[in-house]
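Close look at the chain arrangement
Take a look at the letters that make up each chain.
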Amino acid sequence: MAKLILTFNKQVIREYSFDKDGITIGRNEENTIVIDNLAVSGFHARIDKAGSEYILTDLQSTNGTFVNDQKVNSHKLAHGDNVVIGKHVILFVATESDKIEGGDKDKKLPLDRTVVLDTVKQRELLAKQKVAPQASKVPEKIGVLSFVDGSGLGDIELGKKLTKLGKAETSEIKLTGILMPATAATISRRPSGYTLSFTGGMTKLKVNGTVVKDSVQLNDFDTIELGSYKFQFYQKDIKG
Amino acid sequence: MEVRASGISDVGLQREGNEDAFSIQSSLGLYIVADGMGGHLAGEVASRVAVEIIGKSFRRWLETEMPEDELFGYPDSSLSRIGNYVLSSVRIANRVIYEMATQYEQYSGMGTTVVILFVTPSLIIAANVGDSRIYMVREGRIERMSKDHTIVSEHVEMGVMTEEEAAKSPLRHILTRNLGSADHVDPEVFEIVPSGSDRFILCTDGLTDLANDDEILEIAQGGQDPELLCRDLVDLALQRGGHDNTTVVSVFLQDAARRPRRGIVTTAGGIVADAFVFIDRLRKKVGL
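Going along each chain's sequence as written, the residues are numbered from 1 onward. Written order decides the labels, with chains lettered from A and ligands numbered from 1. At least 70 in pLDDT is required for a residue's local features to be given in this predicted model, at least 80 for side-chain atom pairs to be given and counted, and no such filter applies to totals for whole chains, interfaces and linings, which use all residues.

Along its length, chain A carries 2 helices and 23 strands. In this scheme the burial state of a residue depends on its C-beta neighbours within 10 Å: 20 or more other such atoms mean buried, 12 or fewer mean exposed, and anything in between means partly exposed; the C-beta positions come from the backbone. Per-residue burial over chain A gives 34% buried out of 240 residues. Residues are scored as being in contact if the C-beta atoms we place from backbone atoms lie within 7 Å. Summarising the internal contacts of chain A: among those between residues at least 6 apart in sequence, 40% fall at separations of at least 24. Comment: elements are numbered from the N terminus, with helices defined as DSSP H or I runs of at least four residues and strands as E runs of at least two.

The next subject is the confidence of the model for chain B. Predicted coordinates in areas of low pLDDT are best not read in detail. Residue and element names in this part refer to chain B. The predicted model of chain B has a mean per-residue pLDDT of 89, with 89% of residues at 70 or higher. Per-residue confidence from the prediction method is given by pLDDT, with values spanning 0 to 100. Residue range residues 259-271 is modelled with pLDDT below 50. Its contacts to residues more than four positions away, or to other chains, number 5 contacts. Quick note on the complex model: pTM equals 0.74, ipTM equals 0.79.

A separate point is the interface of chain A and chain B. A common way to express how large an interface is: the accessible area buried when the components associate. Contacts between the two partners involve 32 residues from chain A, matched on the other side by 36 residues from chain B. For the side of chain A that touches chain B, the elements supplying multiple residues, two or more each, are β1 (3-8), β11 (88-93), β12 (115-116) and β17 (185-190) of chain A. By residue number, the principal contributor to the side of chain A that touches chain B is β17(A), which donates 3 residues.

Attention now goes to the sheet that holds strand β3 (residues 22-26) of chain A. All names here are of chain A. Strand pairing is assigned whenever DSSP detects at least two bridges linking the two strands. The mixed open sheet is built from 5 strands, whose spatial order is β4-β3-β5-β6-β9. On the outer flanks of this sheet lie β4 (33-34) and β9 (74-76), each paired with one strand and no other. Relative to β9, strand β6 (residues 53-58) runs antiparallel, the two sharing 3 bridges. Looking at the pairing, Ile 55 lines up with Lys 76 of β9.

Quick look at the packing of helix α1 (residues 42-64) of chain B against helix α2 (residues 81-103) of chain B now. Residue and element names in this part refer to chain B. Put simply, α1 and α2 touch, their axes get as near as 8 Å, and they point 140° apart. The handedness of the crossing between α1 and α2 is right-handed. Along the contact surface, α1 presents Ala 46, Val 49, Ala 50, Ile 53, Ile 54, Ser 57, Phe 58, Trp 61 and Leu 62, while α2 presents Ile 82, Tyr 85, Val 86, Ser 89, Val 90, Ile 92, Ala 93, Val 96 and Ile 97. Classifying every residue of the contact of α1 with α2 gives 16 nonpolar, 2 polar and no charged. Axis lines are fitted to C-alpha atoms, over the contacting stretch for helices. Their N-to-C directions set the angle, which ranges from 0 to 180 degrees. By definition, turning the near helix anticlockwise from the far helix through less than a right angle yields a left-handed crossing, and turning it clockwise yields a right-handed one. Residues are grouped as follows: Ala, Val, Leu, Ile, Met, Phe, Trp, Tyr, Cys and Pro are nonpolar; Asp, Glu, Lys and Arg are charged; every other residue, Gly included, is polar.

This part covers the nonpolar core. Nonpolar side chains in soluble globular proteins generally cluster together in the buried interior. We define a nonpolar core as a collection of buried residues of the types Ala, Val, Leu, Ile, Met, Phe, Trp, Tyr and Cys that are connected via C-beta atoms lying within 7 Å of each other. By size, the foremost hydrophobic cluster in this structure holds 70 residues, and its most contacted members are Ile32(B), Ala50(B), Val86(B), Val114(B), Leu117(B) and Leu202(B). Looking at this core element by element, the count peaks at 9 residues for α1(B). With residues up to four places along the chain from it excluded, the contact list for Leu202(B) reads Tyr31(B), Val33(B), Val115(B), Leu117(B), Ile134(B) and Val249(B). In this structure, Leu56(A), Leu91(A), Val116(A) and Val152(B) belong to the second largest nonpolar core, which totals 32 residues.

Another point: the environment of Val185(B). Residue and element names in this part refer to chain B. When you line up the elements, Val 185 lands in the loop between β9 (174-175) and β10 (188-192). Sequence separation between Val 185 and Glu 68 is 117 residues, and the spatial gap between their C-alpha atoms is 18 Å. Aside from chain neighbours lying at most four places away, what touches Val 185 is Val 90, Arg 91, Asn 94, Val 129, Arg 177 and Leu 179.

Residues and elements named next belong to chain A. Strand order in the open sheet formed by 5 strands is β16-β15-β17-β18-β21, with mixed pairing between adjacent strands. With one partner strand each, in any of the chains shown, β16 (173-174) and β21 (215-217) form the two edges of the open sheet. The pairing of strand β15 (residues 162-166) with β17 spans 4 bridges and is classified as antiparallel. In the strand pairing of β17, Leu 162 is matched with Ser 188.

On to the pairing of strand β12 (residues 246-254) of chain B, then. All names here are of chain B. Within β12, 8 of the 9 residues are buried, which leaves it mostly tucked inside the rest of the structure. Here 9 bridges tie strand β1 (residues 2-10) to β12, and the two strands are oriented antiparallel to one another. Across the sheet, residue Asp 10 finds its bridge partner in β12, namely Thr 246. Sheet topology note: the strand β11 (residues 199-203)/β12 ladder contains 5 bridges and is antiparallel. Bridge pairing in β12 links Ile 201 to Ser 250.

Residue and element names in this part refer to chain B. Axis separation between helix α6 (residues 213-221) and helix α7 (residues 226-239) bottoms out at 9 Å; the angle between their running directions is 145°. You can see that α6 and α7 cross each other, and the crossing is right-handed. Across the interface between the two elements, Ile 216, Ile 219 and Ala 220 from α6 touch Leu 229, Asp 232, Leu 233 and Leu 236 from α7. When grouped by side-chain class, the residues that make up the contact of α6 with α7 number 6 nonpolar, no polar and 1 charged.

All right, on to the pairing of β3(A) then. Along a regular strand, successive side chains alternate from one face of the sheet to the other. All names here are of chain A. Bridge analysis of β3 against strand β5 (residues 45-50) gives 4 bridges, and the strand direction is antiparallel. From the neighbouring strand, Gly 22 faces β5, where its bridge partner is Asp 48. Alignment of β3 against β4, held across 2 bridges, turns out to be parallel. Across the sheet, Ile 25 pairs through a bridge with Ile 33, a residue of β4.

Residues and elements named next belong to chain A. Averaged over every residue, the pLDDT of chain A is 84; the share at 70 or more is 83%. Looking across chain A, the model is least confident in helix α1 (residues 96-101), with a mean pLDDT of 52, and most confident in strand β19 (residues 205-207), with 97. Across residues 100-109, confidence stays below pLDDT 50; counting only partners more than four residues off in sequence or on other chains, it has 10 contacts. Low pLDDT, under 50, characterises residues 129-136; the stretch is placed with 14 contacts to residues that sit more than four places away or in other chains.

Quick look at the structure:
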């Protein structure tokens, strides 16, 4: 069964399985795919299953229907096609059974081929239509170290991918103390989150009271001790 | 620090051409893997262009210590200077592939993923665009040092899909970013400090489609030969159908002169130096 993925600004809003012979797209609530946006006509476009093929037809909409960057009246959909309607993009995904049914294999993109969600062309079309895109992203977070030891360091944002803590001049967070090594610990921002690593030296590193000799992933409100320094880790939203 | 690396690219059992490319520049410590896409030979062209341009521009900037503000595009303040070299080299490769794809019909629609690893004794940089991956094996654990740019991985990040569902989803091959589809790209770049005997695996989805992280960890922990590790991982993909091109580059670190647990001499030296600083401060304080 083919799938239609409704996206807006790269974010997936909903997936639809193509489980009947025809579907309609538009602002009116009677459509299969309802897009509540002024750039979209009441009944904007339809897609019909014809044998193993899927045919997209523009229903003489005000702002038109685009496939990839071409304005279309009627179009035979291929796996990976981006159907642009107003500010929304509907990605057409064929499935295994469609592929077997499909006769002209050469013209179709095999399913396990990688395709790209086309956002640039979408943006260009938006510019043409003079519709301002809205931001709808998951808020990005940044880690903060909050010093609670009277060192006066206060709250320090972890704005670098790699933050070094220690005595060295090049440290992002400069600490003092007789036994403090040039670099006592590092905090790296990785795909999985913030990781605290002990680098070496005679200054003990503790997280929530437990000595850390290698690496540990940091969670919100972990308490970290490094020699006489004591601080808490937490993450906050980056102000947009 | 001793670094040993090896790479294998295999066309697989179902594809006619190999659209993957990789490069190992041991003298520099730079390792790149790319997975091209696009009809006819365009995918092959895109991955090779990416590997070539990233390798060359990065080397030139590193050797000439290029100031950050003279790089291609704005530097990222969250990165070190070398991290910005990696970032910028990916952006320049993206621009070239994008221009080729828009100006020449035979390259229309071409693109590529890329993963890059740069290794020095004090800093490791990992960068990626698309769904090729970098794994780090450290202290018996496996960790991804790359972030997939796919719809499903965004779903996982938002918490609406599990890793297991993502691995099976029909949407798993839909990228949200690659090199070549837009005139600007934001790669992921990560910086970490190396530790003793880290092992890194750079690979294309020909492997990760058919093997999960735990299986890769198990294979990566056995043996001491990076070439054998590549062979074993590629063989696993082939045994399981080899439906796509599969490329694996493995990089083994060995801390040859692993610091002998901070000799008493250096520590004592450090303390003496500290003592002088301390005395200095005292003097100022009491107005000597």
